[in-house]
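Architecture at a glance
Residue strings, one per chain:
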Amino acid sequence: MFGNKLIFALFLVSTATGASEPDAERQKELVRLVRQDCGSCHGMTLQGGLGPALLPASLHDKPPEGLVATIYFGRPGTPMPPWKQFMSEAEAGWIVKKLMSGFPQ
Amino acid sequence: MRLILSFLLALFLASCAGSQVRGTGDLGLIIERASGHVTLVDTTTRQPYARIGGLGDLSHASAVYSRDGRYAFVFGRDGGLTKIDMLEAKVVKRVIQSGNAIGGSISQDGRIVVVQNYTPGGIKAFDAETLELLSEVPAEYAPGKFSKVVGLADSSGNRFAYALFEGGEIWVSDFSNPRQPKTQRFPAGSQPYDGLVTPDGRYFLAGLFGEDGVAMLDLWQPDKGARKILENYGRGQEKLPVFKMPHLRGWSVAQGKAYLPAIGRHEVLVVDVATWKEVGRIPVRGQPVFVMARPDGRQVWVNFAFPDNGKMDVIDTLAGKVIHAFEPGKGILHMEFTPRGENVWLSARDDNKVLIYDTTTFTRIGEIAADNPSGIFFTTRAARIGF
């Protein structure tokens, strides 16, 4: 089961880093979603809260595909919920890429 | 002598010029989370009267008041603790006390302000007058392991109760001697996410995320230990995803019943406070975040987690059901009732407004511009246990 998810997540990352970036309007929406709604646990400045920090320094040693899977499917046993009803796989990949390189304001 | 008197008189008159004597009972503040500002408001005129900046990261900020309602203590996410003079509308003192804070509380005698921290996990006590650090209690629940602290609430005898998210415990720290607090520990359950103390200060309740149920400690008889109530309220069914943790601090008790948000269920749980047994559940339109009683207890107002955070449901406690459901704005994060409950103020984060409603007719009677408003805190909290 996890293996399937991992393969799927790898697929997500490969598509996310390809040509299919969300358009400018959607990027703005996703930035707001991350800052405001992910921010209720991870902090608006992403320095962590009930959930861990999402800054480049805290994520750099984590495999991106795992992070995409965490956003998309949630992480059972923790408060992290799945966000798949609010974004596409590619958009989760875009968020991870931005988180790892310094998230826009 | 006469010269000195006339000099003092002149000084007195000068200090009065431009400021009039007034009370603080109808004042309050609005947190503007993104810009590090607070707007000070008057609930009689329903208008802002001042705006203060430079308070740092105010996402998830909260405030408590000195017992005279003159000073607000604002707890910022970045560990900032700011003391504001509500009458002079200025910052009196500001300290950065930790790296990542989540709120605070003030002691029964008003002399000690305690802050709860995520990083490093624990609580710190400050002199309410000077903000001098008095003592701290690190939340080290196992050797070298520190927990985030949630649900800090004041209780009688300058005691503070709180819960440890990773530690799964309730701790009670007695600050009778503020420089040497004494702490008792009680096993609570899996992942307490927030807590509250009942209006009489007797019971501390910690909501559990990791299991269905609520841990409860009788602060009058702490040696009896914490016990579980509302066990298995989810009845083993799979939880709905929770996109924002509920807050318990807006404690709702009315007609002998307590109203609490369910976790992972679109329901408000109703509990008899004599037996602590569930006596009902009320379906609502989302994951409840704040479940707050109007001061008279006739109504309970409920807001919701993303993606339902534009909605509000109003429960009539006599009818035991939702009697008014509406969409007041975008991103309704918090609410606060005027002292006797004729109005409620709602922060609509994504509309950059605070909306004022009449609680009898449900009509909007005013609004105030604010930059990404979140918490609203009125000075009436000064006289309430657990606020």
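Predicted, not measured: the structure shown is a model, and the values here were computed from it.

Brief notes about the overall build of chain A
- The helix and strand tally for chain A stands at five helices and zero strands.
- Helices and strands in chain A line up, N terminus first, as α-α-α-α-α.
- Buried residues in chain A amount to 36% of all 105 residues.
- Of the contacts formed within chain A by residues at least 6 apart in sequence, a portion of 65% connects residues at least 24 apart.

Some remarks on the overall build of chain B
- On a plain count of helices and strands, chain B comes out with one helix and 34 strands.
- For chain B, the spread of C-alpha atoms along the principal axes amounts to about 80 × 50 × 35 Å.
- Sorting the 387 residues of chain B into buried and exposed places 52% on the buried side.
- Pairs at least 24 residues apart make up 44% of the contacts formed inside chain B by residues separated by at least 6 positions.

Examining the nonpolar core
- Counting residues in each nonpolar core, the largest one holds 131 residues, and the members touching the most others are F73(B), I170(B), F204(B) and V268(B).
- Looking at this core, the element that brings in the most residues is helix 5 (residues 89-101) of chain A, giving six residues.
- The contacts of F204(B), once residues within four sequence positions are left out, are A153(B), A161(B), I170(B), G195(B), V197(B), L217(B) and L219(B).

Here we look at the pairing of strand 7 (residues 90-96) of chain B
Residues and elements named next belong to chain B.
- As judged from the six bridges shared by strand 6 (residues 80-85) and strand 7, these two strands associate in the antiparallel manner. If you follow D85 over to strand 7, its bridge partner there is K90.
- In textbook terms, the turn of a hairpin is the stretch between consecutive antiparallel strands, and for strand 6 and strand 7 this stretch comprises four residues, one of which, A89, has a positive phi near 55 degrees.

Observations regarding the environment of P138(B)
All names here are of chain B.
- Looking at the element boundaries, P138 is found in strand 11 (residues 133-138).
- When the C-alpha atoms of P138 and I123 are compared, they prove to be 6.4 Å apart, with 15 residues separating the residues in sequence.
- For P138, the contacting residues outside a window of four places in its chain are P120, G122 and F146.

Here we look at the sheet that holds strand 18 (residues 192-197) of chain B
Residue and element names in this part refer to chain B.
- Read across the open sheet, the four strands follow the order 18-19-20-21; overall the sheet is antiparallel. What marks the edges here is a single partner per strand, and that holds for strand 18 and strand 21 (227-229). Each strand axis lies, on average, 30 degrees off the axis of its neighbour in the sheet, ignoring direction.

Quick word on the packing of helix 4 (residues 64-73) of chain A against helix 5 of chain A
Residue and element names in this part refer to chain A.
- Orientation of helix 4 relative to helix 5, taken along the N-to-C sense of each, is 125 degrees, at an axis distance of 9 Å. Comparing the axis directions of helix 4 and helix 5 gives the class oblique. In this structure, helix 4 meets helix 5 at a crossing whose hand is right-handed. On helix 5, the residues touching P64, L67, V68, I71 and Y72 of helix 4 are E89, A92, G93, I95, V96 and M100.
- Broken down by class, the residue content of the contact of helix 4 with helix 5 amounts to nine nonpolar, one polar and one charged.

Re the pairing of strand 26 (residues 288-293) of chain B
- Counting buried positions along strand 26 of chain B yields six of six residues, so the element is predominantly enclosed.
- With antiparallel pairing between neighbouring strands as the criterion, strand 26 of chain B and strand 27 (residues 299-304) of chain B make up a hairpin whose turn holds five residues, including G297(B) at a positive phi of roughly 80 degrees.

Considerations on the interface of chain A and chain B
- Across the contact, 16 residues belong to chain A and 19 residues belong to chain B.
- A class-by-class count of the residues in the side of chain A that touches chain B yields seven nonpolar, eight polar and one charged.

Section: helix 5 of chain A
Residue and element names in this part refer to chain A.
- The terminal C-alpha atoms of helix 5 lie 19 Å apart, and with 13 residues this matches the ideal 18 Å at 1.5 Å per residue to within 8%.
- All buried positions along helix 5 are accounted for by E89, A90, E91, A92, G93, W94, I95, V96 and L99.
- Where helix 5 ends, the next residue or the one after it, G102, has phi of about 110 degrees, a positive value.

Considering the environment of Y193(B)
Residues and elements named next belong to chain B.
- Within the fold, Y193 resides in strand 18.
- Overall, the presence of 23 C-beta atoms within 10 Å leaves Y193 in the buried class.
- Separated by 44 residues in sequence, Y193 and V149 have C-alpha atoms that sit 8.8 Å apart.
- Once residues lying within four places of it in the same chain are set aside, the contact partners of Y193 are V150, F165, G207, F209 and M245.

Things to note about the confidence of the model for chain A
Residues and elements named next belong to chain A.
- Mean pLDDT over chain A works out to 86, with 82% of the residues at or above the 70 mark.
- No element of chain A has a lower mean pLDDT than helix 1 (residues 2-16), at 50, and none a higher one than helix 4, at 97.
- This stretch, residues 13-19, has a pLDDT under 50; its non-local contacts, to residues over four places away or in other chains, come to 14 contacts.

A short note on helix 4 of chain A
- For helix 4 of chain A, the complete set of buried residues consists of E65(A), L67(A), V68(A), A69(A), I71(A) and Y72(A).
- In the stretch just after helix 4 of chain A, G74(A) is the one whose phi turns positive, near 75 degrees.

Structural notes on the sheet that holds strand 4 (residues 62-65) of chain B
Residue and element names in this part refer to chain B.
- Spatially, the four strands line up as an open sheet ordered 4-5-6-7, and their pairing is antiparallel. Each having just a single partner strand, strand 4 and strand 7 make up the two edges of the open sheet. The mean angle between the axes of side-by-side strands here comes to 20 degrees, regardless of whether they run parallel or antiparallel.

Some details on the environment of V150(B)
Residue and element names in this part refer to chain B.
- Tracing the sequence through the fold places V150 in strand 14 (residues 149-155).
- For the pair V150 and G104, spaced 46 residues apart in the sequence, the C-alpha separation amounts to 9.6 Å.
- In this view, V150 contacts I102, Y162, A163, F165, P192, Y193, D194 and G195; residues no more than four positions away in its chain are not counted.

Brief notes about unusual backbone geometry
Residues and elements named next belong to chain B.
- The residue after T119, namely P120, is reached through a cis peptide bond having omega -10 degrees.
- Mapping P120 onto the fold places it in the loop between strand 9 (112-119) and strand 10 (122-127).
- Its identity is not glycine, yet L131 carries a phi of approximately 60 degrees, on the positive side.
- If you trace the backbone, L131 turns up in the loop between strand 10 and strand 11.

What counts as what
Residues numbered from 1 in each chain as written. Chains lettered and ligands numbered in written order. Predicted model: local features only at pLDDT ≥ 70, side-chain atom pairs only at ≥ 80, totals over all residues. Helix = DSSP H or I, 4+ residues; strand = E, 2+ residues; numbered from the N terminus. Buried ≥ 20, exposed ≤ 12 C-beta atoms within 10 Å, placed from the backbone. Contact = placed C-beta atoms within 7 Å. Core = buried A, V, L, I, M, F, W, Y, C linked by C-beta atoms within 7 Å. Pairing = 2+ DSSP bridges. Axes fitted to C-alpha atoms, helices over the stretch in contact; angles between N-to-C directions. Parallel < 35°, antiparallel > 145°, perpendicular 65-115°, else oblique. Left-handed = near helix turned anticlockwise from the far one by under 90°. Nonpolar A, V, L, I, M, F, W, Y, C, P; charged D, E, K, R; others polar. Expected span 1.5 Å × (residues − 1). pLDDT = per-residue confidence, 0-100.

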